[in-house]
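One letter stands for each residue in the lines below.
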Amino acid sequence: MSFLVSDILTTIRDLAANELSDLAADEDDQNAAIFRFINVVLDKRARQAYIEEFSDALDITADDDYTFLRNSAAINDLYEPLGVYITNKYGRTIPSRTSFESPLGWRRESDNQQINIRGVTGLHVLKYLRYPAVIATSTDTIEFPRAGKWDLIMDVVRLCKYPKNFYNE
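All figures in this text were calculated on a predicted structure; none of them were measured in a lab.

Undergrad: Would you mind going over the sheet that holds strand β4 (residues 64-66) in detail, with residue names and values included?
TA: Pairing within the open sheet is antiparallel, and its three strands lie in the order β4-β10-β9. Taken across any chain shown, the strands that pair with only one partner, and hence form the sheet edges, are β4 and β9 (105-107). This sheet shows a mean twist of 30° between the axes of neighbouring strands, independent of strand direction. In the sheet, β9 pairs with strand β10 (residues 115-118) via three bridges, with the strands oriented antiparallel. Of the residues in β10, the one forming a bridge with Trp106 is Ile117.

Undergrad: Kindly report on the pairing of strand β2 (residues 51-54), identifying the contributing residues and their values.
TA: The two faces of β2 differ: Ile51 and Glu53 on one face are buried, but Glu52 and Phe54 on the other face are not. Judged from the four bridges that link them, β2 and strand β11 (residues 122-130) form a sheet pairing that is antiparallel. Bridge pairing in β11 links Ile51 to Arg130.

Undergrad: How would you summarise the nonpolar core if you had to cite specific residues and measurements?
TA: Judged by nonpolar contacts, the single largest core of 23 residues is most densely connected at Ile8, Ile12, Ile34, Ile38, Ile142, Leu152 and Val156. Breaking this core down by element, the ones donating at least two residues are α1 (6-15), α3 (27-44) and α5 (149-168). Tallying contributions element by element places α3 first for this core, with six residues. In this structure, Leu58, Tyr66, Trp106 and Val120 belong to the second largest nonpolar core, which totals 13 residues.

Conventions adopted
Residues numbered from 1 in each chain as written. Predicted model: local features only at pLDDT ≥ 70, side-chain atom pairs only at ≥ 80, totals over all residues. Heavy atoms only, no water. Pairing = 2+ DSSP bridges. Helix = DSSP H or I, 4+ residues; strand = E, 2+ residues; numbered from the N terminus. Axes fitted to C-alpha atoms, helices over the stretch in contact; angles between N-to-C directions. Buried < 20%, exposed > 50% of the residue type's maximum accessible area, 1.4 Å probe, protein only. Core = buried A, V, L, I, M, F, W, Y, C linked by side-chain atoms within 4.5 Å.

See below:
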């Protein structure tokens, strides 16, 4: 499901060869810009990467907004919640609420809000999709399916070409 940055870096550099000088003067700085573009595209395509994780068990004591933890720290790479499970990842799921007023289940109104839980108590875990890990060097692993490699390459090449297009306008 994953591959190294070096597996696509040459292809990106070849396809964007005429525009690389617009990004930076030397190859190291050009690569740093390409790595930033790769991170932007990976964040945009987090659903396509589809990296599932489970939170630590959280004790739900009342109807309220909750921040789930992973490795005892607040989850900061949450892309999309998939479900809330009773006790552990093999437990029964509680339903996702279709509206804020629903009496039972979980709901997250937007990306910048906590998960609101109603009508249940006890230990629960969150199953969620997370953003792919940030890459910074050509030896880093890109957490992305090989089938999406073309999409990733072409999106990054497009971003490399934008500065030159803006100069021409």
